[in-house]
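Geometric and topological summary
What follows is the residue order along each chain.
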Amino acid sequence: MIKAILIFNNHGKPRLSKFYEHYTEDTEQQIIRETFHLVSKRDENICNFLEGGLLIGGSENKLIYRHYATLYFVFCVDSSESELGILDLIQVFVETLDKCFENVCELDLIFHMDKVHNILAEMVMGGMVLETNMSEIITQAEAHNKMEKSETFIFQCPRQDR
Amino acid sequence: MPAVSKGDGMRGLAVFISDIRNCKSKEAEIKRINKELANIRSKFKGDKALDGYSKKKYVCKLLFIFLLGHDIDFGHMEAVNLLSSNKYTEKQIGYLFISVLVNSNSELIRLINNAIKNDLSSRNPTFMCLALHCIANVGSREMAEAFAGEIPRILVAGDTMDSVKQSAALCLLRLYKTSPDLVLMGEWTSRVVHLLNDQHMGVVTAAISLITCLSQKNPDEFKTCVSLAVSRLSRIVSSASTDLQDYTYYFVPAPWLSCKLLRLLQCYPPPEDGAVKGRLVECLETILNKAQEPPKSKKVQHSNAKNAILFEAISLIIHYDSEPNLLVRACNQLGQFLQHRETNLRYLALESMCTLASSEFSHEAVKTHIETVINALKTERDVSVRQRAADLLYAMCDRSNAKQIVAEMLSYLETADYSIREEMVLKVAILAEKYAVDYSWYVDTILNLIRIAGDYVSEEVWYRVIQIVINRDDVQGYAAKTVFEALQAPACHENMVKVGGYILGEFGNLIAGDPRSSPLVQFNLLHSKFHLCSVPTRALLLSAYIKFINLFPETKSTIQEVLRSDSQIRNSDVELQQRAVEYLKLSSIASTDVLATVLEEMPPFPERESSILAKLKKKKGPGAVSVNELEEGKREGGELNGGGERGGDSSSTPSPSADLLGLRAGPPVTAAAPSAGSLLVDVFSEAGVNDDGFLSEFSRFVCKNNGVLFENQLLQIGIKSEYRQNLGRMYLFYGNKTSVQFVTFTTTLNVQAKPVEPLIEGGAQVQQVINIECLTDFSDAPLLNIKFRYGGALQNLTLKLPVTINKFFQPTEMASHDFFQRWKQLSLPQQEAQKIFKANHAMDTEVLKAKLLGLGMALLENVDPNPENFVCAGVIQTKAQQVGSLLRLEPNAQAQMYRLTVRSSKDTVSKRLCELLAEQF
């Protein structure tokens, strides 16, 4: 099971946090900080797995992460998940974001948090993987965009809201 | 143009986010956020009703503020209102807010549940998915209660859209994880399993997570999934890379689903059906073969996906542990990965090999990679990988390579990362003990360990070296010589002083013949460290000194001088002062004979589980180490702890070495060393009471009165009891199973007990009678503490006496009419306790009847309209009051479940009866 999905930038600013187990708001923030601390001090080009921090369950859980330009994508998972599988899942997530936002960058995540959550929801639900097929995910996301646009048309909106 | 500004709308949000990003300081950011929070609060509280769009905007802002780490304590109501909007955008934001900021406010949950109910019945797949997502995200008990019945229907209905099916499967999984008792799969089981055959791969992907979880919990009911999973896997594995279209990921067909199928199969033993098994072996072979083929793409994603499947296949092969051919191939494959340029693969290969090392078919093959692994430990840049390498060295260690591995681990310790030092120390200590052929090597290793990483050597480690030195007279002289030498170093670790003090105090005489280590030299050496040590160490040293007086009368005056000095006899620390005073007095007034008796050499410690191993298990959690240990035990037979035999001979019969390998096998015997202020007493205190052991015994007595309560190698305790009204009498029979007598045998109990014979001859039995009176209702059973001496060692064990509230039942016969009338009278919620549980034993009517009669209540026939059900009535007699109780047990043979309901006039009684009984069926 995926326990949490965290995205933060090189300075540790959270850009997305999604917890699939219940923690208090305070603990969630601490987990983000702890995870950033663990991940950010690691060199580039070493392995993408490490044991989870104490707050999120210590060695029972693994952190699997990828570092893209300014952003870290970290999945915290338990032992029932395949490490390489999750690594690919991160890749699928990022490629999907890239397609949906056309060259995704940190700013897209900041200004369209709801969309990022939506796309993620098409892939992962309650900590389990719902769909891994990128074109299916994109189709769903586009369908939602269309619905959104049709609704804003009711208000005669001439500008495209991305 | 208001419409435009509205459409552009989320501009308000964008502006706010930009503002925040432009803040130069944390304070400015907080100020801006507080301003916004105040603004939103006033908008929400304002008189003017907000339209859906504004609500959406504000809720979005709150989400953003929450992400920045600020508490949000309002807005939930507005979010809930958005749920009932007809617009997708508004509904979606509402659900998003609820999912991110779950609030267990029950009033709110009721409203949310209402909205979800509407959306689930809307037949709009988008809305249904949003609602299912919300349930899966919140997953609270109230939601499970409301929807656990509905979701399986959605999941298997023929007309449900694929995307909704996917969401329903995972939603159900979530509810099953949070409230398994509410999700009753019974009738759905086979239709859920058949989702593995679904045409839509997405549905299979989602369903397999659900099926895996359910299979882990109810393997028998779901075992039909094995053949379906094998055929699905075989279709994927043998398909060309283009067959699965979108589910092909960088030329690999459906890697995620393949991994999950292989995981599902790991819930079961190898398939019994030959055809299914053959097909599966074929799949595994294909996967191993494909790993050798040249890659279809240079992209890392291609090799990742391919190897993800490969690693899962290897895990399955290891799990089956029955195909030597596949195991060796798996090992070779991992061996290639050990030297792969991808760090991830090296990491995973080390990890998989750890489990492979515990298989007898592949242990030898794993061992051939020792040089590579040692090299990894030395040269890997990444601490995660080095740690896996250390784990693997530990796992592959056996008698043939122990010296090499221990030496490498010791040398690695000098530079090891701080985070893993303690664990490394424990591992070295365990390996050194387990594979010690000659004990001088063992002593050297542990002393080296203390020298190199003294700070990380926990108490268990140095306790253990002392236990072993004391139990093995062939190593005592060497140990004394070695610690003496080690203490010569100008700066040595305090743990070294402890070991040194203890060992010289016991065995200093063995090296006293050499003038370079004469008694006085030994004493002066120890005492030179005294002032640098902490209080517990000094206390230990004082004990060593008094032992010196016994060993070497010539040191008496010097030591008395030391004890008499103000810094000892007036020490501000009570413990030190007391020891100084008592030892001084003891040495001056006791005759040499008395002194020799009091300060006699420590008796051997009882053989038991290594305290270090217990600690490592605690550190790593169960599983990680224990499986390995047990495997090792099987292979190696009696080791260091192997009871009577010394050293090398490993062809042993079942020896007490079982104790080394897990508390499970060992009886809950606690021993304490009888020595003047020996610190070693602490070592044993943790063994204490073996909870699991006596609990199960205890629960067997709920429905019966006679039997064997406890048994280990030494002692058997039988029990016979009778009860009338609120009184009971219990006969305890203590049987000595050994040929040696138990002396100073005492029992203490918190109920009235006649004293027991203090001496039990070998092979004899003594009896003790306990009279019991039930004053009021209770849930904790009385504890019986038993102490006795067997040989030199003090044995101590604590047992729960099987006295339970139901023993004081008086059966009450009544007619159906009366029963239901009384049942209705006891209708306050707290008077009822209910449990739904799985059957642990066969659901045989006669056995059930016998158990219910044994409970002490009257079993009422022809009362319940359903003849399958059982109802009972009885009154519990206590001195304070009588408690009437009614019971109803409803077996469900199909689901192999029971529902047990107890109503009684006192809430604590209902609860306790329910707890006691739920373990019985």
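Per-chain numbering applies: the sequence of each chain, read as written, is numbered from 1 onward. Ligands are numbered from 1 and chains lettered from A, in the order in which they are written. Per-residue local features are limited, in this predicted model, to residues with pLDDT of at least 70; the limit for side-chain atom pairs, both in listing and counting, is 80 or more; totals at the level of whole chains, interfaces and linings are taken over all residues. Computation of side-chain values covers all heavy atoms of the structure but excludes hydrogens and water.

Turning our eyes to something else, we now look at the overall build of chain A. Only DSSP runs of H or I with at least four residues qualify as helices, and only runs of E with at least two residues qualify as strands; both kinds are numbered from the N terminus onward. Counting its regular elements, chain A contains 5 helices and 7 strands. The order of helices and strands in chain A, counted from the N terminus, is β-β-α-β-β-β-α-α-α-β-β-α. Buried means the residue's accessible area, taken with a 1.4 Å probe over protein chains only, is under 20% of the maximum for its type, while exposed means over 50%, and partly exposed covers the values in between. The proportion of buried residues among the 162 residues of chain A is 62%. Residue pairs in contact within chain A that sit at least 24 positions apart in sequence constitute 49% of those at least 6 positions apart. Put simply, chain A shows about 6,500 Å² of open surface, and 51% of that area lies on carbon and sulfur atoms. In what follows, a contact means two residues having at least one pair of non-hydrogen atoms within 4.5 Å. Computed with a 1.4 Å probe, the accessible areas rest on the Shrake-Rupley method; for each residue, only the protein chains presented here act as cover.

What follows concerns the overall build of chain B. What chain B contains, in helices and strands, is 41 helices and 15 strands. Taken across its 921 residues, chain B has 56% of its residues classed as buried. A separation threshold of at least 6 residues defines the contact pool for chain B, and within that pool the share at least 24 residues apart is 67%. On chain B, roughly 39,800 Å² of surface is accessible, and the fraction owed to carbon and sulfur atoms is 51%.

All names here are of chain B. Residue position: Ser587 is located in helix H33 (residues 574–589). The class for Ser587 is buried, based on a relative accessible area of 0%. Those residues in contact with Ser587, other than ones at most four positions away along the chain, are Ile546, Ile549, Lys556 and Gln560.

Non-glycine residue Glu102 of chain A carries a positive phi angle of around 50°. At Asn103 of chain A, a residue that is not glycine, the phi angle is positive and equals roughly 60°.

We now examine the sheet that holds strand E1 (residues 2–9) of chain A. Residue and element names in this part refer to chain A. Spatially, 5 strands are ordered E2-E1-E5-E4-E3 in an open sheet, and the strand pairing comes out antiparallel. Two strands lie at the open edges of the sheet, namely strand E2 (14–19) and strand E3 (49–51), each paired on one side alone. With direction set aside, neighbouring strand axes in the sheet form an average angle of 20°. Between any two strands, pairing holds if DSSP finds at least two bridges. As judged from the 3 bridges shared by E3 and strand E4 (residues 62–68), these two strands associate in the antiparallel manner. Looking across to E4, one finds that Glu51 is bridged to Lys62. Angular values range over 0 to 180 degrees, each being the angle between N-to-C directions of two axes fitted as lines to C-alpha atoms, with helices fitted over their stretch in contact.

What follows is about the environment of Pro490 of chain B. Residue and element names in this part refer to chain B. Locating Pro490 in the fold gives a position in the loop between helix H27 (473–487) and helix H28 (494–507). For Pro490, a relative accessible area of 81% gives the class exposed. Taking the C-alpha atoms as reference points, Pro490 and Lys529, separated by 39 residues in sequence, lie 9.2 Å from one another.

Glancing now at the pairing of strand E3 (residues 707–711) of chain B. All names here are of chain B. Here E3 pairs with strand E4 (residues 715–724) via 4 bridges, running antiparallel. Bridging from a neighbouring strand, Gly707 pairs with Ile719 of E4. With antiparallel pairing between neighbouring strands as the criterion, E3 and E4 make up a hairpin whose turn holds 3 residues.

Any two rings among Phe, Tyr and Trp, with Trp reduced to its six-membered ring, count as a pair given centres within 6.5 Å; such a pair is stacked if its planes are under 30 degrees apart, edge-to-face if over 60, and tilted if neither. Following the criterion strictly, the structure yields 21 aromatic pairs over all chains and no others. Between Phe73 of chain A and Phe93 of chain A, the ring centres sit 5.9 Å apart and the planes meet at 80°, which makes this aromatic pair edge-to-face. Taken as a pair, Phe73 of chain A in strand E5 (residues 71–77) and Phe93 of chain A in helix H2 (residues 83–101) lie far apart in primary sequence, 20 residues in all. Neither residue differs from the other here; Phe73 of chain A and Phe93 of chain A are each classed as buried. Ring geometry for Phe16 of chain B against Phe64 of chain B: centres 6.2 Å apart, planes inclined by 80°, an arrangement best described as edge-to-face. Here Phe16 of chain B, found in helix H2 (residues 11–22), pairs with Phe64 of chain B, found in helix H4 (residues 52–67); they are 48 residues apart in sequence, far enough to count as distant. With relative accessibility at 0%, the residue Phe16 of chain B sits in the buried group. Linked through ring pairs, Phe8, Phe36, Tyr65 and Tyr72 of chain A together constitute an aromatic cluster.

Attention now goes to the packing of helix H17 (residues 300–320) of chain B against helix H19 (residues 343–356) of chain B. Residue and element names in this part refer to chain B. In the contact formed by H17 and H19, the axes pass within 10 Å of each other and the chain directions differ by 10°. Classified by the angle their axes make, H17 and H19 are roughly parallel. Residues Asn307, Phe311 and Ile318 of H17 pack against Leu345, Leu348, Ala349, Ser352, Thr355 and Leu356 of H19. Ten residue types, Ala, Val, Leu, Ile, Met, Phe, Trp, Tyr, Cys and Pro, are classed as nonpolar, four, Asp, Glu, Lys and Arg, as charged, and the remainder, Gly among them, as polar. For the contact of H17 with H19, the class distribution of residues is 6 nonpolar, 3 polar and no charged. For classification, angles of less than 35 degrees are called roughly parallel, those exceeding 145 degrees roughly antiparallel, those between 65 and 115 degrees roughly perpendicular, and all remaining angles oblique.

Another aspect to go through is the nonpolar core. Residues belong to a common nonpolar core when they are buried Ala, Val, Leu, Ile, Met, Phe, Trp, Tyr or Cys residues joined through side-chain atoms within 4.5 Å. Among the nonpolar cores identified, the biggest contains 276 residues, and Ile2 and Phe93 of chain A together with Ile116, Leu196 and Leu449 of chain B are the most heavily contacted of them. In this structure, Phe701, Ile719, Val756 and Ala839 of chain B belong to the second largest nonpolar core, which totals 55 residues.

All names here are of chain B. The strand order across the open sheet formed by 4 strands is E3-E4-E5-E7, and the pairing between neighbours is antiparallel. Each of the sheet's edge strands pairs with one partner strand only, and the pair in question is E3 and strand E7 (765–773). The average angle at which neighbouring strand axes cross in this sheet is 25°, direction not considered. As defined by bridge partners, E4 adjoins strand E5 (residues 727–736) across 10 bridges and the pair is classed as antiparallel. Counted as the bridge partner of Gln716 is Gly735 from E5.

Moving on, we come to helix H25 (residues 439–453) of chain B. Helical geometry note: an α-helix holds 3.6 residues per turn, so side chains three or four residues apart project in the same direction. Residue and element names in this part refer to chain B. Every helix has an expected span of 1.5 Å times one less than the residues it contains. Taking 1.5 Å of rise per residue, the 15 residues of H25 would be expected to cover 21 Å, and the 21 Å separating its terminal C-alpha atoms lies within 8% of that figure. Among the residues of H25, those classed as buried are Tyr439, Trp441, Tyr442, Val443, Thr445, Ile446, Leu447, Leu449, Ile450 and Ala453. Looking at the packing, one finds that the buried side of H25 touches helix H23 (402–413), helix H24 (418–434), helix H26 (459–471), H27 and H28.

Helix packing geometry: the angle between the two helix axes and the distance between the axes. Residues and elements named next belong to chain A. Contact pair H2 / helix H4 (residues 113–123): the axes reach a minimum separation of 11 Å and the direction vectors enclose 135°. One finds that H2 runs oblique with respect to H4. As for the relative orientation of H2 and H4, their crossing is right-handed in sense. Touching Leu89, Val92, Phe93, Thr96, Leu97, Cys100 and Phe101 of H2 are Lys115, Val116, Ile119, Leu120 and Met123, all from H4. Handedness of each helix crossing follows the sense of rotation of the near helix against the far helix: counterclockwise by less than a right angle gives left-handed, clockwise gives right-handed.

Another point: the confidence of the model for chain A. Looking at chain A as a whole, its pLDDT mean stands at 86, while 93% of the residues score no less than 70. Here residues 155–162 of chain A is a poorly scored stretch, pLDDT under 50, and it has 15 contacts once near neighbours within four places are set aside; other chains count. Confidence of the prediction at every residue is given by pLDDT, a number between 0 and 100.

Right, let's talk about the interface of chain A and chain B for a bit. Chain A puts 67 residues into the contact, and the matching count from chain B is 76 residues. Contact between chain A and chain B buries roughly 6,100 Å² in total, counting both sides, with carbon and sulfur atoms accounting for 54%. The salt bridge criterion pairs a side-chain nitrogen of Lys or Arg with a carboxyl oxygen of Asp or Glu, the two atoms within 4 Å. Remark: the boundary between chain A and chain B carries 6 salt bridges. The salt bridge involving Lys260 of chain B is made with Glu81 of chain A; its shortest N-O contact spans 3.0 Å. Here a polar contact is recorded for every N or O atom pair within 3.5 Å, except that within protein the pair must consist of a potential hydrogen donor and a potential acceptor, and residues adjacent in sequence are included only if both atoms are side-chain atoms. Here chain A is connected to chain B by 21 residue pairs in polar contact (both at pLDDT 80 or more). With 10 residues, H2 of chain A is the single largest residue contributor to the side of chain A that touches chain B. Two parts placed together each lose some accessible area; with a 1.4 Å probe, that loss summed over both constitutes the buried area.

Moving on, we get to the pairing of E5 of chain A. Residues and elements named next belong to chain A. Burial analysis of E5 places 7 of its 7 residues in the buried class, the great majority of the element. Residues Leu71, Phe73, Phe75 and Val77 line one face of E5 and the alternating positions Tyr72, Val74 and Cys76 line the opposite face, and both faces are buried. Bridge analysis of E1 against E5 gives 7 bridges, and the strand direction is antiparallel. The partner of Leu6 across the bridge, within E5, is Val74. In this structure, E4 lies alongside E5, joined through 7 bridges in antiparallel fashion. The partner of Lys62 across the bridge, within E5, is Val77. Hairpin geometry of E4 and E5 is characterised by an intervening segment of 2 residues between the two adjacent antiparallel strands and by a positive phi of about 40° at Ala69.

Residue and element names in this part refer to chain A. Taking 1.5 Å of rise per residue, 19 residues should cover 27 Å, and H2 covers 27 Å from first to last C-alpha, within 8% of that figure. Where burial is concerned, most of H2 is hidden: 16 out of the 19 residues are buried. Phi turns positive, to about 50°, at Glu102, one or two residues after H2.

This part covers the environment of Val80 of chain B. Structurally, Val80 of chain B can be placed in helix H5 (residues 76–83). Placed 33 residues apart in sequence, Val80 of chain B and Asn113 of chain B show a C-alpha to C-alpha distance of 10.0 Å.

This paragraph deals with the confidence of the model for chain B. Do not read the predicted coordinates in detail wherever pLDDT is low. Residue and element names in this part refer to chain B. Considering every residue of chain B, the mean pLDDT works out to 81; 88% of them sit at 70 or more. The weakest mean pLDDT in chain B belongs to helix H1 (residues 2–7) at 31; the strongest belongs to helix H15 (residues 255–265) at 94. Every residue in residues 621–695 scores below 50 in pLDDT, and together they form 138 contacts with partners more than four places removed in sequence or on other chains.

Residues and elements named next belong to chain B. Within the fold, Lys787 resides in strand E8 (residues 783–790). For the pair Lys787 and Thr747, spaced 40 residues apart in the sequence, the C-alpha separation amounts to 6.3 Å. Once residues lying within four places of it in the same chain are set aside, the contact partners of Lys787 are Thr744, Phe745, Thr746, Gln795 and Asn796.

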